[in-house]
Each structure stands twice: as structure tokens, then as C-alpha cells.
Amino acid sequence: MKITVLTFAQTRTQLGFAEKSFDCEPVETPRQIFRRLAPQFDPGQTIRVAVNQEYADWDQPVGQATELALIPPVSGG
Amino acid sequence: MKTRIEFTRAPIVPPTAEFSTRETGACLEFSGLVRELENGKKIRGLFYEAYEPMAQRQLEKMCQELGAKHPCAEILLIHRLDFVPVGEPSLFVRVSSQHRQPGLAFLAELIDRLKADVPIWKYSR
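What counts and how
Residues numbered from 1 in each chain as written. Chains lettered and ligands numbered in written order. Predicted model: local features only at pLDDT ≥ 70, side-chain atom pairs only at ≥ 80, totals over all residues. Contact = placed C-beta atoms within 7 Å. Nonpolar A, V, L, I, M, F, W, Y, C, P; charged D, E, K, R; others polar. Pairing = 2+ DSSP bridges. Helix = DSSP H or I, 4+ residues; strand = E, 2+ residues; numbered from the N terminus. Axes fitted to C-alpha atoms, helices over the stretch in contact; angles between N-to-C directions.

Caption draft 1: Quick peek at the interface of chain A and chain B. The partner chain B presents 18 residues to the 11 residues of chain A that form the contact. Of the residues assigned to the side of chain A that touches chain B, the class counts are 7 nonpolar, 4 polar and no charged.

Here is the structure:
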């Protein structure tokens, strides 16, 4: 299946793209997907992940999700 | 509860307040302005970026949850994106409610939650 990966703020600079489509399996977790796509990338404790526009667990399989986004610490308002 | 959430790339011009009920006793308005100093350094303004569909969804969810805790009649939230010069508002929120307490609590909690969880980022320019 295909999943669209979105990056924002500093994660866009770290990964070098804003949006890309990748092949993945429903059993894969966001952590596994990013380890495969960008082995040098470490989300650490501060970067969250969103699956289909909802905050998600790094270690929960993505299932049939179509969108995965990296959410670095936010600063709106 | 009537909720309206908008993102704009132009200066924020709040629409005239209209109330769906004459039982509205409180109308609270908050504007978040861009300050001149960022970490002690003068800036021209701030650049805002958002993951818009998720930000919209998260704000709608927050309003629903907060509305269950602090009943209000109408919520209007406008967040400006892209470049916002010093002195201009990046955020406008209007909350109306029957009494002032739920409106004040709703407004304070909504802004706190926006700053913690809504995917919007700012950079100084």
C-alpha cells in the first residue's frame, strides 16, 4: 500500500522533503517506516507522529492509513 | 455550540459579533499579537506554518471537548498564517456564553491547548 509522508518545520530540513509517497505494509509502525525511509532520523522524545491527522503512537501499526506526518514541537498562537 | 475555525493569509479582520440567542450574557475576545522582541532580539515579524487539515480537526475536537466542560454558545477562531508583522494579530478568538465563567474558562483552556497540541509552527523573521 501507499502512504503519504508529510514533514513540517525542522523535520522538513532534517529529512529534505515536505511530502513524499512511500510503499509500506499495514503491519508496519511509524517508527519502522521512518527507520526504513531515513535511517539517520531520530524522533527522540519531542517529535510526535500523526496518522491520518490524529496524534498516534510511534509503535502502533499504521493499518490502512493514508497519511503519516511528523509533528515537531508546536508553537502556534 | 456553533464553532467556526478559519485560517487566513491576510490580516485578521474579525467579523461583527452575531449572537444566536438573546440569552448571551458574555462575549469575550482575545487577540494574540506579534511582539517586537524574540529572545531579546528585535524582529520584523513571525512566519507561521500549519498542517492545516490536522490543525482544523484538532481545534474542532478541542472545542467540542471544552464545550462539554464549559458550555458556550458560539466560538470563532481565526489563525493567521505566513508572515505576520510585529504589532499585528496572529490569532483572534471570540467566545460567547450565557455567563462569563464558562466563557473565560473555555477561552483560557482553548489557547493553552492550541499552544500545546495544534500543529502550527512559527519562525522569527
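Right, picking up where we left off after that structure.
Caption draft 2: Structural detail: the sheet that holds strand β8 (residues 89–97) of chain B. Residue and element names in this part refer to chain B. With mixed pairing, the 4 strands of this open sheet are ordered in space as β1-β6-β8-β2. Only two strands of the sheet have a single neighbouring strand rather than two, namely β1 (2–8) and β2 (26–33). Taking each pair of neighbouring strands and ignoring which way they run, the sheet shows an average axis angle of 5 degrees. Contacting β1 and β6 (74–80), helix α1 (residues 52–69) runs over the sheet at an angle of about 155 degrees to β1.

Caption draft 3: Spatial organisation of unusual backbone geometry. A positive phi angle is found at Asn52 of chain A, which is not glycine, with a value near 50 degrees. Along the chain, Asn52 of chain A falls in the loop between β3 (48–51) and β4 (54–56). With phi around 50 degrees, Asn39 of chain B is a residue other than glycine that occupies positive phi space. In this fold, Asn39 of chain B is placed in the loop between β3 (37–38) and β4 (41–42).

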